[in-house]
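# Observations on the three-dimensional arrangement
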Amino acid sequence: MNLAEHGGGRRGVLNWLLGLSGGGVLASIVYPMVRYLAPPDVPEAAALSVNAGSAQALTPNSARVVPFGARPAIVIRTAGGELRAFSATCTHLDCTVQYRPDLHRIWCACHNGEYDLNGRNVAGPPPRPLDPYDVDVAGDEITITRRS
Amino acid sequence: MKAWLEERLPLSGVIAMLRHKRVPHHRYSVWYYFGGMTLFLFLIQVGTGALLLLYYRPSAAEAYESVQFIVSRVPFGWLVRSIHAWSANLMVASAFAHLFSVLFLHAYRRPRELTWMSGVVLLLLTLGFGFTGYLLPWNEVSFFATRVGTDIAATVPLAGDALVRFLRGGDEVTGATLTRLFGFHVAILPAVATVLVAFHLLLVQGHGMSVPPSVEAQDASDPAAVRSIPFLPHFLLRDLFAWTAVLAVLAALATLYPWELGAKADPFAPAPAGIRPEWYFLWAFETLKHVPPTVAGVNGELVAVAVMGAGAGVALLLPLLAGSSARARAAVVWAGAAALLFMSAMTALALRTVTP
């Protein structure tokens, strides 16, 4: 009777232990690699409000894209002269939107998404409205603030 | 001298094998050359890629400038970069031609299932090379293409956000993304592709060329119709002819239409009007444009991504899913033709769409 053919008894236990330690070695190689591949969190000061440039320079029916922390924001002066600000990141697939004076709308060039001047997704594939920001003007300086 | 070498490097066996190797010759034989063509273009990519590495700098601050330096200051730098870019496009085209010809000629049948599956993975790797290499010049178009491409991964349920962070090296597309995709493009993908190409070629050599069922049936009824040509030198010379033709086309494209660099990426500028991806992603791009925000209450993107993922899964497992009957083969032809038609129609639509 050959124990190897049976796989039972002492040989079975030894094979099992060998497999276990082999698995342990493999896991101790794979685990650090997987963890290494996932980038660490780099803490950044979450911008609550940023300066968005001169109010005078922004003529009616035009817009400006400004950095808001790591992401872009868009400040629009409507044809009526009102200032509005939104996140400039399209809710569809992360492109940066722009203002279309001819349409009086916010437009994303990537997949032809459109938002109205309240940031609502009104045409094309975007699934959600743009996040609105508060706009304050002190002197000539526009300040936009994330709503809490 | 010859004996000394033979003792240490026993090549005579290989040469004898190649002398005996024969390749079937019939009216569809022309399609046999696309695999070799793809391999040739892959080798060109390895060579030109290695040259580009000598000057390229993979950081957001320097990448664009270093490519600008390559194309404007380095002698023949424009040529090397242009060949690398054009060859990438021809390689994708050649790989697709290879895939569809193998599909329509039913070369995926037993016992070549693993050859087909490794080939599908190699095609996906080729697209991966295209996607990761696209960002490296750090220009406006590639920046947004990468934002869109990586954001698509976010639609994957549960693992989506982790996947996006894995691809971007953070939450946003930044210099960290550039460095990471550079690593994929020049180290990880080439390593995996080289192993898979070796595996694929070993199987092709082991099984020999597949003869299409229609030719097989003809030959069975008329044994005199069985034709084949010797691999050495007939087939190899034809292969070399195809490679020379590809090289000529590549040289013409690279010199007459040097690949453009575009404007440097600005993370705080809007996506430029008329932006679109490379031709081989146009069909997916156009599809994403037409998918509504929600389909039957489910996120539209998720539906589109799930359908495309299922398509890739079916393509990968095709030899296991398709039966061996003539009816099953007809079904494969129809499915392949439908996929080809859909991709062509969507590409045509994307090409004719004028920015509003």
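Residues numbered from 1 in each chain as written. Chains lettered and ligands numbered in written order. Predicted model: local features only at pLDDT ≥ 70, side-chain atom pairs only at ≥ 80, totals over all residues.

### Considerations on the confidence of the model for chain B
Threshold: Looking at any residue, its pLDDT shows the predictor's confidence there, from 0 to 100.
Taken as a whole, chain B shows an average pLDDT of 92; of its residues, 98% reach a score of 70 or greater. Scored by ipTM, the complex comes to 0.81, with pTM at 0.90.

### As for the domain arrangement of chain A
For an interface, size is often stated in terms of accessible area lost upon the parts coming together. Applied cut-off: Boundaries between domains were set according to an automatic or database domain assignment.
Looking at the assigned domains, one finds that chain A contains domain 1 (3–37) and domain 2 (49–146). Placing the centre of domain 1 of chain A and that of domain 2 of chain A at their C-alpha centroids yields a distance of 57 Å.

### A closer look at the pairing of strand β9 (residues 132–138) of chain A
Residues and elements named next belong to chain A. Quick note on the threshold: Note on pairing: DSSP must find at least two bridges between two strands before they are called paired. A run of H or I in DSSP counts as a helix once it spans at least four residues, and a run of E counts as a strand once it spans at least two, with each numbered from the N terminus.
Summarising the sheet, strand β4 (residues 83–87) and β9 pair through 2 bridges and their orientation is antiparallel. Bridge pairing in β9 links A85 to Y133. Looking at chain direction, β9 and strand β10 (residues 141–146) are connected through 6 bridges and run antiparallel. The partner of V137 across the bridge, within β10, is I142. Between β9 and the antiparallel strand that follows it, β10, lie 2 residues; G139 among them carries a positive phi value of about 65°.

### Observations concerning the packing of helix α3 (residues 33–53) of chain B against helix α5 (residues 77–104) of chain B
All names here are of chain B. Applicable threshold: Angles run from 0 to 180 degrees between N-to-C directions of axes, and those axes are lines fitted to C-alpha atoms, restricted for helices to the stretch in contact. Any angle that falls under 35 degrees is termed roughly parallel, while one over 145 is termed roughly antiparallel, one within 65 to 115 roughly perpendicular, and all others oblique. If you view the pair so one helix is near and one far, a crossing is left-handed when the near helix is turned anticlockwise from the far one by less than a right angle, and right-handed when it is turned clockwise. Note that Gly is not counted as nonpolar here; it falls among the polar residues with everything else outside the nonpolar set of Ala, Val, Leu, Ile, Met, Phe, Trp, Tyr, Cys and Pro and the charged set of Asp, Glu, Lys and Arg.
At a minimum axis distance of 8 Å, the contact between α3 and α5 shows a crossing angle of 155°. In this view, α3 runs roughly antiparallel relative to α5, as classed from their interaxial angle. Seen from above, α3 lies across α5 with left-handed handedness. For the contact of α3 with α5, the per-class residue count stands at 14 nonpolar, 10 polar and 1 charged.

### Some words on the packing of α5(B) against helix α14 (residues 326–352) of chain B
All names here are of chain B. What counts here: In this description, a residue-residue contact is defined by the distance between C-beta atoms placed from the backbone, which must lie within 7 Å.
Contact pair α5 / α14: the axes reach a minimum separation of 9 Å and the direction vectors enclose 155°. When the axes of α5 and α14 are compared, the pair comes out roughly antiparallel. Listed contacts from α14 to F100, L103 and F104 of α5 are V332, V333, G336 and L340. Residue composition of the contact of α5 with α14, by class: 6 nonpolar, 1 polar and no charged.

### Some points on the nonpolar core
To keep it simple, the criterion reads: Note on terminology: a nonpolar core is any set of buried Ala, Val, Leu, Ile, Met, Phe, Trp, Tyr and Cys residues joined through C-beta atoms within 7 Å. Counting other C-beta atoms within 10 Å of a residue's C-beta gives its exposure: the residue is buried at 20 or more, exposed at 12 or fewer, and partly exposed in between, where C-beta atoms are placed from the backbone.
Core analysis: the largest hydrophobic core is formed by 77 residues, its most contacted members being A73(A), I74(A), V75(A), C95(A), V97(A), C110(A) and F144(B). Counting residues per element, this core draws most heavily on α5(B), at 12 residues. Each residue touching C95(A), except ones within four places of it in the same chain, is listed here: C90(A), C108(A), A109(A), C110(A), F144(B), R147(B), V148(B) and A271(B). Residues F281(B), W283(B), F285(B) and L288(B) belong to the second largest nonpolar core, which totals 5 residues.

### Some details on the environment of A254(B)
Residues and elements named next belong to chain B. Inspection of the secondary structure puts A254 in helix α11 (residues 231–256). Judged by the 21 C-beta atoms lying within 10 Å of it, A254 falls in the buried class. Sequence separation between A254 and R329 is 75 residues; the distance between their C-alpha atoms is 40 Å.

### Observations concerning the sheet that holds strand β1 (residues 49–54) of chain A
All names here are of chain A. A sheet is described by the order of its strands in space; here 6 strands give the open sequence β1-β10-β9-β4-β3-β2, paired in antiparallel fashion. Strands with a single pairing partner mark the edges of an open sheet, and in this sheet they are β1 and β2 (62–68). Ignoring which end each strand starts from, the neighbouring axes of this sheet average 30° apart. Alignment of β2 against strand β3 (residues 71–77), held across 7 bridges, turns out to be antiparallel. Pairing of V65 across the sheet is with I74, part of β3.

### Quick word on unusual backbone geometry
Of the consecutive residues R110(B) and P111(B), the connecting peptide bond is found in the cis state with omega at 5°. P233(B) follows L232(B) through a cis peptide bond whose omega is 0°. Mapping P233(B) onto the fold places it in helix α11. Within the chain, N61(A) stands out as a residue other than glycine whose phi angle is a positive 60°. Structurally, N61(A) can be placed in the loop between β1 and β2. Residue N61(A) is classed as partly exposed on the basis of its C-beta count, with 15 C-beta atoms lying within 10 Å. The phi dihedral of N112(A) falls on the positive side, at around 65°, and the residue is not glycine. In this fold, N112(A) is placed in the loop between β6 (105–108) and β7 (113–115).

### Examining the sheet that holds strand β5 (residues 98–100) of chain A
All names here are of chain A. Spatially, β5-β6-β7-β8 is the arrangement adopted by the 4 strands of the open sheet, whose pairing is antiparallel. Looking at strand neighbours, the two that pair on one side only are β5 and β8 (121–123), the edges of this open sheet. Taken pair by pair, the neighbouring strands of this sheet meet at an average axis angle of 40°, ignoring direction. In this structure, β7 lies alongside β8, joined through 2 bridges in antiparallel fashion.

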